[in-house]
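# Coordinates in review
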Amino acid sequence: MNRALGSYQAGVYQALAEADLHPDWVAGISIGAVNAALIAGNPPERRVEKLREFWEAVSTPPLGVPRLASIDIKDDVIHRVINQTRALGIMLFGAPHFFTPRLLSPVFWPSQNADQLSFYDVAPLRATLERLVDFDRLNASAMRFSVGAVNVKTANFVYFDATTHRIGPAHIIASGSLPPGFSLVSNTPLQWVLDSRPRLDTLAFQVDLWSAHGELPRNLGEADVRQKEIQFSSRTRAATDQYKRAQKLLLKDLPTELLDRPEVKMLAAEADEKVCNIVHLIYNAKN
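In this report, we go over the structure that sits alongside the text. Computed from a prediction, not measured in an experiment: that's the story for all the values here. (Residues numbered from 1 in each chain as written. Predicted model: local features only at pLDDT ≥ 70, side-chain atom pairs only at ≥ 80, totals over all residues. Heavy atoms only, no water.)

## Here's the deal with the side chain of Gln206
The residue Gln206 is located in strand E6 (residues 202–208) in this model. Separated by 3.5 Å, the side chains of Gln206 and Asp208 make a polar contact. (Helix = DSSP H or I, 4+ residues; strand = E, 2+ residues; numbered from the N terminus. Polar contact = N/O pair within 3.5 Å; in protein donor to acceptor, adjacent residues only side chain to side chain.)

## A closer look at the packing of aromatic side chains
Considering all chains together, one arrives at 7 aromatic pairs under this definition. Ring geometry for Phe54 against Trp55: centres 5.1 Å apart, planes inclined by 85°, an arrangement best described as edge-to-face. Note on accessibility: Phe54 and Trp55 belong to one class, buried. Pairing Phe157 with Tyr159 gives two aromatic rings, centres 5.3 Å apart and planes at 70°, and the pair type is edge-to-face. A connected cluster of aromatic rings, assembled from ring pairs, spans Phe54, Trp55, Phe98, Phe99 and Tyr120. (Phe/Tyr/Trp six-rings, centres within 6.5 Å; stacked < 30°, edge-to-face > 60°. Buried < 20%, exposed > 50% of the residue type's maximum accessible area, 1.4 Å probe, protein only.)

## A word on the nonpolar core
Side chains that are nonpolar tend, in soluble globular proteins, to be buried together. Membership of the largest hydrophobic core comes to 41 residues, with the highest contact counts inside it found for Phe54, Phe98, Leu129, Leu138, Phe145, Ile167 and Ile172. Among the secondary structure elements, those contributing two or more residues to this core are helix H1 (2–18), helix H2 (31–40), helix H3 (47–58), helix H5 (123–132), helix H6 (135–140), strand E4 (144–150) and helix H7 (169–175). A per-element tally of this core places H2 first, with 8 residues. (Core = buried A, V, L, I, M, F, W, Y, C linked by side-chain atoms within 4.5 Å.)

Structural data, given as structure tokens:
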């Protein structure tokens, strides 16, 4: 699901580029980390081209059966069956240039290596990233690059940032790991951007793939999707709501004798007069 949804982020970047809006910082988690690497790891004139090349490659049906794009399917039931059939094919055979099923399932042949405790092998994704992303450019670019992942041992979130780390394919793959499919607390890097110091006037485009609003599910597949929408969109809203509350703190109205208190200084660090506009773009699925 995330694999297909991620192309929406690529489309948003294309629209920004066509409007001559070029970000100076890209941050992503999961499939957003892949899109961010394709953007930061290429010159401006080739970013859309590389995004399109990636998404066309990984969207190829695993059995080589072409997608009949010219057929406009009106019947919801047929449309749903076709989508589920495609999903089943990807689950059984993987996605070209992205991931392949492990020949020896960890269910029957468990491994002592943590990076092999998954149903799928993401070696094809590593090869694709190495082919499409110039990591020397990504690490040296004026465009800042950040990806987030979860430390499995501590359950804490950690960010890999080109200003402090030498970024490679492993960082992108770690951000996209979702056990047991691939060998997990937040899905939005917005908080990392907002917590950056010193704060600057900011225009942020937050591109979300999960909508808080949706219909009642009609089958188990839709119920699973709706569960993910509720789970991930709630975390996104929590981050933006927390930031809004912090910026509404009226510190200037506090009595002077309270300004030196530690808790007031902590609040002052969170609330400032910098301008921050967050444009929230949300993908809405069509059944």
